[in-house]
Amino acid sequence: MEHPNLSFIKEITGNDDDFQASILSILKKEFPEEKEAYLDNIENLNYEAASDDVHKLKHKISLLALSKSSELATKHEKNLKNGNAQLHDKFVKILNKIHVYLNT
């Protein structure tokens, strides 16, 4: 099972500690807001808006070096556009894993 990490962020920032800290700060600020928006849209069966939320979250998933999770997010995003939320539970597990990582 893959776990969130900073390897990709370190790669794209060239080990610039200040830039890494800036990206991590943005992730910590935006992730909870985007997660909440996604969950609200799912709860209200607004799958088109939830698909847009997944698209935003997918970029954060990629930044945290979660390639398999990013693939699932891509599938989930497409499914939601077609009114299908069958991958929701798996996607929430990914979001919860990221939440724990960003808050430790």
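The rules we used
All residue numbers refer to position in the chain's written sequence, counted from 1. Only residues with pLDDT of at least 70 are given local features in this predicted model, and only at 80 or more are side-chain atom pairs given and counted; all residues enter the totals for whole chains, interfaces and linings. Side-chain metrics rest on all non-hydrogen atoms present in the structure, leaving aside hydrogens and water. Here, nonpolar core refers to any group of buried Ala, Val, Leu, Ile, Met, Phe, Trp, Tyr and Cys residues whose side-chain atoms link them within 4.5 Å. The buried label applies to any residue whose accessible area, calculated with a 1.4 Å probe on protein chains only, is under 20% of its type's maximum; exposed applies above 50%, and partly exposed to all values in between. A run of H or I in DSSP counts as a helix once it spans at least four residues, and a run of E counts as a strand once it spans at least two, with each numbered from the N terminus. Any two residues whose heavy atoms approach within 4.5 Å at even a single point are treated as in contact. Salt bridge, as applied in this entry: a Lys or Arg side-chain nitrogen positioned within 4 Å of an Asp or Glu carboxyl oxygen. Axis definition: a line fitted to C-alpha atoms, limited for helices to the stretch in contact. Angles are taken between N-to-C directions and run from 0 to 180 degrees. Our angle categories are set so that under 35 degrees counts as roughly parallel, over 145 as roughly antiparallel, 65 to 115 as roughly perpendicular, and the remainder as oblique. The handedness criterion is simple: a crossing whose near helix is rotated anticlockwise from the far helix by less than a right angle is left-handed, and one whose near helix is rotated clockwise is right-handed.

A word on the nonpolar core. The tendency in soluble globular proteins is for nonpolar side chains to be buried as a group. Ranked by internal contacts, the top residues of the largest apolar core, which has 21 residues, are Tyr38, Ile61, Phe91 and Ile98. Of all the elements in the fold, those that place two or more residues in this core are helix H2 (17-43), helix H3 (47-63), helix H4 (67-81) and helix H5 (88-102). Broken down by element, the residue count for this core peaks at six residues, all from H5. Dropping the residues within four chain positions of it, Ile98 is found in contact with Pro4, Phe31, Ile61, Leu64 and Leu66.

Here we take up the pattern of salt bridges. As enumerated under the stated definition, the model contains four salt bridges in all. Of the charged contacts, one joins Glu33 and Lys29 as a salt bridge, the two residues approaching to 3.7 Å between their closest N and O atoms. Highlighted residues: Glu33 and Lys29, both in helix H2, separated by four residues, approximately one helical turn. When its relative accessible area of 46% is taken as the criterion, Glu33 is described as partly exposed. We note a salt bridge from Lys58 to Glu77, for which the minimum N-O separation is 2.7 Å. With Lys58 in helix H3 and Glu77 in helix H4, the pair connects residues that are 19 residues apart, well separated along the chain. The exposure class assigned to Lys58 is buried, which follows from its relative accessible area of 13%. The class for Glu77 is buried, based on a relative accessible area of 8%.

Turning our eyes to something else, we now look at the packing of H2 against H5. As a packed pair, H2 and H5 sit with axes 11 Å apart at the nearest point and diverge in direction by 150°. Relative to H5, the element H2 lies roughly antiparallel. Note that H2 runs across H5; the crossing there is left-handed. Mapping the contact onto sequence places Leu24, Leu27, Lys28, Phe31, Lys35, Tyr38, Leu39 and Ile42 in H2 and His88, Phe91, Val92, Leu95, Asn96, Ile98, His99 and Leu102 in H5.

Purely geometric stuff here, so don't read any function into it on its own.
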